[in-house]
Amino acid sequence: NNQVAINVLSQPNRNIVSDNRVTPYASRNLDKFIQFTKSAVDMILEKTKTDGIVAYGLNIMAVIDTDQEDSSKFLLEKFIKQEDGAVAFIGGGVRLIFETNGGDKCRNDLRLDPRFGPKSTPTKSIQVNQNSHLETTSLPTLEHLNSRVTQIYNELPTLLGKIL
């Protein structure tokens, strides 16, 4: 399958390059996508005469399956203390904000939410959204960008293993 679904969007104060293919997490070829992204953003910055940037980031959206039939119940039992009484939680997720250091400080916002099927039926799937931002005044070299993005991407499964 050689289909490509890459979007490039340029807006005031941000440029977004997204790869919207649905593929298994481990089989993504990041090198070519990162190279394309850097070229596209460099071209946009040059064309718009933008002097610099304030940050670059990576958004990862994925779906993972738990070994539980109801991911909502799984997340509630793991992260939410339910009191007997007036409130009966039926679903919920978790949001974690943290920093990592891979030679440069990276701020991460990780959200884990249960996925529901038709008519709000429970599923075993969890929607994972990680947004990572690195402050900088210029886009790094392709080698550094490739290294940093690949590191963030590859660390997510380990992080999820520790949390879940």
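As shown above, the structure is provided for reference.
Okay, so let's go over this structure.

Cut-off values and rules
Residues numbered from 1 in each chain as written. Predicted model: local features only at pLDDT ≥ 70, side-chain atom pairs only at ≥ 80, totals over all residues. Heavy atoms only, no water. Helix = DSSP H or I, 4+ residues; strand = E, 2+ residues; numbered from the N terminus. Expected span 1.5 Å × (residues − 1). Bend = angle between axes of the 7 residues up to and from the residue. Buried < 20%, exposed > 50% of the residue type's maximum accessible area, 1.4 Å probe, protein only. Contact = heavy atoms within 4.5 Å. Pairing = 2+ DSSP bridges. Axes fitted to C-alpha atoms, helices over the stretch in contact; angles between N-to-C directions. Parallel < 35°, antiparallel > 145°, perpendicular 65-115°, else oblique. Left-handed = near helix turned anticlockwise from the far one by under 90°. Nonpolar A, V, L, I, M, F, W, Y, C, P; charged D, E, K, R; others polar.

With 22 residues, helix 3 (residues 142-163) extends 31 Å from end C-alpha to end C-alpha; this agrees with the ideal 32 Å at 1.5 Å per step. Along its length, helix 3 reaches its greatest deviation from straightness, about 30 degrees, at Leu156, and the proline Pro157 lies no more than four positions downstream. What helix 3 keeps buried is the set Leu145, Arg148, Val149, Ile152, Tyr153, Leu156, Leu160 and Ile163. Tucked into the core, helix 3 has its buried residues touching helix 1 (30-47), strand 3 (55-65), helix 2 (71-79), strand 4 (94-101), strand 5 (105-116) and strand 6 (122-135).

It is worth spelling out helix 1 at this point. Between its terminal C-alpha atoms helix 1 stretches 25 Å, which fits the 26 Å expected from 18 residues at 1.5 Å a residue. In the core, the buried residues of helix 1 are packed alongside strand 1 (6-11), strand 2 (14-19) and helix 3. Phi turns positive, to about 60 degrees, at Lys49, one or two residues after helix 1.

The subject of this paragraph is the sheet that holds strand 5. Working definition: the strands of a sheet are paired by backbone hydrogen bonds and lie parallel or antiparallel to each other. Sheet architecture is open: 4 strands sit in the order 3-6-5-4, paired in antiparallel fashion. The open sheet has two free edges, formed respectively by strand 3 and strand 4, since each of these has just one partner strand. Within this sheet the neighbouring strands show an average axis-to-axis angle of 20 degrees, counted without direction. Judged from the 11 bridges that link them, strand 3 and strand 6 form a sheet pairing that is antiparallel.

Between helix 1 and helix 3, the shortest axis-to-axis distance is 10 Å and the interhelical angle comes to 130 degrees. If you check the angle between helix 1 and helix 3, you find them oblique. Handedness of the helix 1/helix 3 crossing: right-handed. Within the contact between the two elements, helix 1 uses Leu30, Asp31, Ile34, Gln35 and Lys38 and helix 3 uses Leu142, Leu145, Asn146, Val149, Thr150 and Tyr153. Here the residues of the contact of helix 1 with helix 3 sort into 6 nonpolar, 3 polar and 2 charged.

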